[in-house]
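Analysis of the macromolecular model
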Amino acid sequence: MKILVTGSAGFIGFHLVDNLIKSDHDVVGLDHLNDYYDINIKIDRLKRHGISTEIVSGSKSKSSRHTNYQFARIDLQNRPAVFNLFEEENFDVVVNLAAQAGVRHSLTHPQDYIDYNITGFLSILEACRAYPVSHLIYASSSSVYGLNTRMPFSVKQNVDHPVSLYAATKKANELMGHTYSHLFGIPTTGLRFFTVYGPWGRPDMALFLFVKAMLEGETIDVYNFGKMKRDFTYVTDITESIVRLIPKPPTGNLDWDSDNPDPSSARTPYQLFNIGNNNPVALMDFIAEIEDQLGVKAKKNLMEIQPGDVPATWADVNDLFDYIDYKPSVGIKEGVAAFVEWYRSYYNV
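Below is a short write-up of the structure.

How each quantity is defined
Residues numbered from 1 in each chain as written. Predicted model: local features only at pLDDT ≥ 70, side-chain atom pairs only at ≥ 80, totals over all residues. Heavy atoms only, no water. Helix = DSSP H or I, 4+ residues; strand = E, 2+ residues; numbered from the N terminus. Rg over C-alpha atoms; globule rule 2.2 N^0.38 Å. Buried < 20%, exposed > 50% of the residue type's maximum accessible area, 1.4 Å probe, protein only. Contact = heavy atoms within 4.5 Å. Areas by Shrake-Rupley, 256 points an atom, 1.4 Å probe, with all protein chains shown as cover. Core = buried A, V, L, I, M, F, W, Y, C linked by side-chain atoms within 4.5 Å. Expected span 1.5 Å × (residues − 1). Axes fitted to C-alpha atoms, helices over the stretch in contact; angles between N-to-C directions. Parallel < 35°, antiparallel > 145°, perpendicular 65-115°, else oblique. Left-handed = near helix turned anticlockwise from the far one by under 90°. Nonpolar A, V, L, I, M, F, W, Y, C, P; charged D, E, K, R; others polar. Pairing = 2+ DSSP bridges. Salt bridge = Lys/Arg side-chain N within 4 Å of Asp/Glu carboxyl O.

Points about the overall build of the chain
The helix and strand tally for the chain stands at 11 helices and 14 strands. Over its C-alpha atoms the chain spans a radius of gyration of 20 Å, differing by no more than 12% from the 20 Å that the globule rule assigns to 349 residues. Its C-alpha atoms give the chain principal-axis dimensions of roughly 55 × 55 × 40 Å. Across the 349 residues in the chain, those meeting the buried criterion constitute 55%. At a minimum sequence separation of 6, the contacts of the chain that also span at least 24 residues come to 77%. Total accessible area on the chain stands at roughly 15,000 Å², and carbon and sulfur atoms take up 50% of it.

Thoughts on the nonpolar core
Among the nonpolar cores identified, the biggest contains 70 residues, and Phe86, Val94, Val95, Phe193 and Ile242 are the most heavily contacted of them. Here this core gets six residues from one element, more than from any other, and that element is helix H1 (residues 11-22). Leaving out residues up to four positions away in the same chain, Val95 has contacts with Ile3, Leu4, Val5, Thr6, Leu16, Ile137, Ile242 and Ile246.

As for helix H6 (residues 165-184)
In a regular helix each residue adds 1.5 Å, so 20 residues correspond to 28 Å; H6 covers 28 Å between its end C-alpha atoms and thus fits that length. Lining the buried residues of H6 we find helix H4 (105-108), helix H5 (110-130), strand S6 (135-141), strand S7 (188-193) and strand S12 (270-275). Backbone geometry just downstream of H6 places Gly185 in the positive-phi region, at approximately 70°.

Brief notes about the packing of H1 against helix H8 (residues 235-245)
At a minimum axis separation of 9 Å, H1 and H8 run at an interaxial angle of 55°. Classed by the angle they form, the pair H1 and H8 counts as oblique. In terms of crossing hand, the pair formed by H1 and H8 is right-handed. Between H1 and H8, the residues in contact are Phe11, Ile12, His15, Leu16, Asn19 and Leu20 and Val235, Ile238, Thr239, Glu240, Ile242 and Val243, respectively. Looking at the contact of H1 with H8 residue by residue, the class counts come to eight nonpolar, three polar and one charged.

Observations concerning the sheet that holds strand S3 (residues 60-62)
In a beta sheet, neighbouring strands are held together by backbone hydrogen bonds and run either parallel or antiparallel to one another. Reading across the sheet, the eight strands line up as S3-S4-S2-S1-S5-S6-S7-S12 and stay open at both edges, with mixed pairing between neighbours. This sheet does not close on itself; its edge strands, each paired only once, are S3 and S12. The mean angle between the axes of side-by-side strands here comes to 20°, regardless of whether they run parallel or antiparallel. Pairing between strand S5 (residues 93-96) and S6: four bridges, direction parallel. Looking at S6, one finds that Val94 is bridged to Leu136. Contacting strand S1 (2-6), S5 and S6, H5 runs over the sheet at an angle of about 165° to S6. Here H6 sits on the sheet in contact with S6, S7 and S12, set at roughly 155° to S6.

Here's the deal with the packing of helix H9 (residues 283-294) against helix H11 (residues 332-346)
Helix packing geometry: the angle between the two helix axes and the distance between the axes. The contact between H9 and H11 brings their axes to 10 Å, and the two run at 50°. The pairing of H9 with H11 is recorded here as oblique in orientation. Once H9 is placed against H11, the crossing between them reads as right-handed. Between H9, through Asp285, Phe286, Glu289, Ile290, Gln293 and Leu294, and H11, the contact on the second element is made entirely by Ile332, Lys333, Val336, Ala337, Val340 and Arg344. Looking at side-chain class alone, the contact of H9 with H11 contains seven nonpolar, one polar and four charged residues.

Examining the pattern of salt bridges
Where charged atoms from two side chains of opposite charge come close, those side chains can pair. Scanning the model with the defined rule gives 19 salt bridges in all. In this structure, Asp319 and Lys156 form a salt bridge, with 3.6 Å as the shortest nitrogen-oxygen distance. Linking Asp319 in helix H10 (residues 318-324) with Lys156 in the loop between S6 and H6, this pair joins segments that are 163 residues apart in sequence. On the basis of relative accessible area, Lys156 is assigned to the partly exposed category, the value being 44%. Note that Arg192 and Glu174 form a salt bridge whose closest N and O atoms lie 2.8 Å from each other. Taken together, the residues span a long stretch of sequence, with Arg192 in strand S7 and Glu174 in helix H6 at a distance of 18 residues. Comparing Arg192 with Glu174, the two get one shared label, buried. The structure contains a network of salt bridges with shared partners spanning Lys2, Asp26, Lys60, Glu88 and Glu89.

The structure is reproduced here in structure tokens:
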């Protein structure tokens, strides 16, 4: 199939492109290359796939390493450029991973989240409406569960109490996806990712920050005095789930009951899934694993929980397993070891 992956210079997008290229799909990556974090990591991800670092905004570049991959540097807010790309390429499937990430950044830069996560996603929906695709998959987030405390988090729960603008925009994406599925028959699948980590990860995330600080002998900030739990999910478990979902667009749940509506499905071609490890890990245990892998004892600065954060996450993935016969399974020992190996190699530490 011909597949568009937006956010392809990002962490998850990079790994997904890698998987799809090796699976012989015809892949087009799209990214704006903004500077929310060190752009050099994004450029190096592109280099790994044979994309020239000289590419200018609005242009396309073919990979020098893979005949089935090309990259377009386009801002999703530039709707004419997005439409031109759709018209030229005639995509079968779109995987939208482009977004402004980060809960804490949303406290200080709220407009970024409206521009990228709302306006940008609308460009994708409108392009899929104008140039129909067989399946639109898009990234949501475990953050949508907000103030929910019933564990594990299920896609069948109500999620109307977000605690950050980032979470609110991801909830909005799900509502927008449902609307376009209902009005225009676009098959949409929303994926709530749970604390993704692994090699080539984002520098603003805990694992990256902890490893960097510990190797430099600096103190790490540990929020909620360490009383946090996260359903840490290794990046290849995320991408393998997406690859298995690509050929399985929703067709509509004929048993959907409007008197007792299931939030995760509809009569129209719309569905939601959690993608998580289904195994919450205490933050202190996660830090201990990093200490073991590095051979360094962490200096901890215990702090109160930050606004917009939640104390625990835990994904119910039974629906996902039933649908694609796959359940994320990489544990933190293997996952942290892989990240540390990459970090040491990348930064020559």
